[in-house]
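One-letter residues, chain by chain:
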Amino acid sequence: MINSTAKLLDVVALIVDLPQYNLWRGQVGTVVEILANGAAFEVEFSDRNGRTYESVGLRPEQIMVLRFEPASPNTKAEMVTA
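Keep in mind it's a predicted model, so treat the numbers as computed, not measured.

**A look at the environment of Ser-55**
- Inspection of the secondary structure assignment puts Ser-55 in strand β5 (residues 52-58).
- Separated by 26 residues in sequence, Ser-55 and Gly-29 have C-alpha atoms that sit 8.9 Å apart.
- Aside from chain neighbours lying at most four places away, what touches Ser-55 is Glu-42, Val-43 and Glu-44.

**Observations concerning a nonpolar patch on the surface**
- Where nonpolar side chains cluster on the molecular surface, the patch consists of Leu-8, Leu-9 and Ile-34 and spans about 300 Å² of accessible area.
- Secondary-structure assignment places Leu-9 in the loop between β1 (2-3) and β2 (11-14).
- You can call Leu-9 exposed: its relative accessible area is 61%.

**Observations concerning the sheet that holds β2**
- If you trace the five strands from one edge of the open sheet to the other, you get β5-β4-β3-β2-β6, paired in antiparallel fashion. Whereas interior strands pair on both sides, the edge strands pair on one side only; in this sheet they are β5 and β6 (63-65). In this sheet, adjacent strand axes meet at a mean angle of 40° when their direction is disregarded.
- Two strands pair when backbone bridges link them, and β2 and strand β3 (residues 28-35) are joined in this way by three bridges, in the antiparallel orientation. Bridging across to β3, Ala-13 finds its partner in Val-28.

**Structural notes on the side chain of Asp-10**
- Here Asp-10 is to be found in the loop between β1 and β2.
- A relative accessible area of 13% places Asp-10 in the buried class.
- There is a polar contact of 2.8 Å between the side chain of Asp-10 and the backbone nitrogen of Lys-7.
- With residues up to four places along the chain from it excluded, the contact list for Asp-10 reads Thr-5, Gly-29, Thr-30, Val-31 and Val-65.

Criteria and thresholds
- Residues numbered from 1 in each chain as written.
- Predicted model: local features only at pLDDT ≥ 70, side-chain atom pairs only at ≥ 80, totals over all residues.
- Heavy atoms only, no water.
- Helix = DSSP H or I, 4+ residues; strand = E, 2+ residues; numbered from the N terminus.
- Contact = heavy atoms within 4.5 Å.
- Patch = residues over 30% accessible without salt bridge, like charges linked within 9 Å, V, L, I, M, F, W, Y side chains within 5 Å.
- Areas by Shrake-Rupley, 256 points an atom, 1.4 Å probe, with all protein chains shown as cover.
- Salt bridge = Lys/Arg side-chain N within 4 Å of Asp/Glu carboxyl O.
- Buried < 20%, exposed > 50% of the residue type's maximum accessible area, 1.4 Å probe, protein only.
- Pairing = 2+ DSSP bridges.
- Axes fitted to C-alpha atoms, helices over the stretch in contact; angles between N-to-C directions.
- Polar contact = N/O pair within 3.5 Å; in protein donor to acceptor, adjacent residues only side chain to side chain.

Pasting the structure below:
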């Protein structure tokens, strides 16, 4: 998996299933808080109407940052294994 450091308000996707939260690989959320100096992130999952249905702390290896524009050639990807 390729992952890069998430920042506040980044859109991310789960790369693991979290059945205890009824969250599944591929679900999209937003980073709303950076925890433990970037060792974890509070990610909020909302429906199409903007209502939050889950907010959970996740480790960097459980998410990937989604990109909406081409990556810069100077961007270095970090390889992460789950």
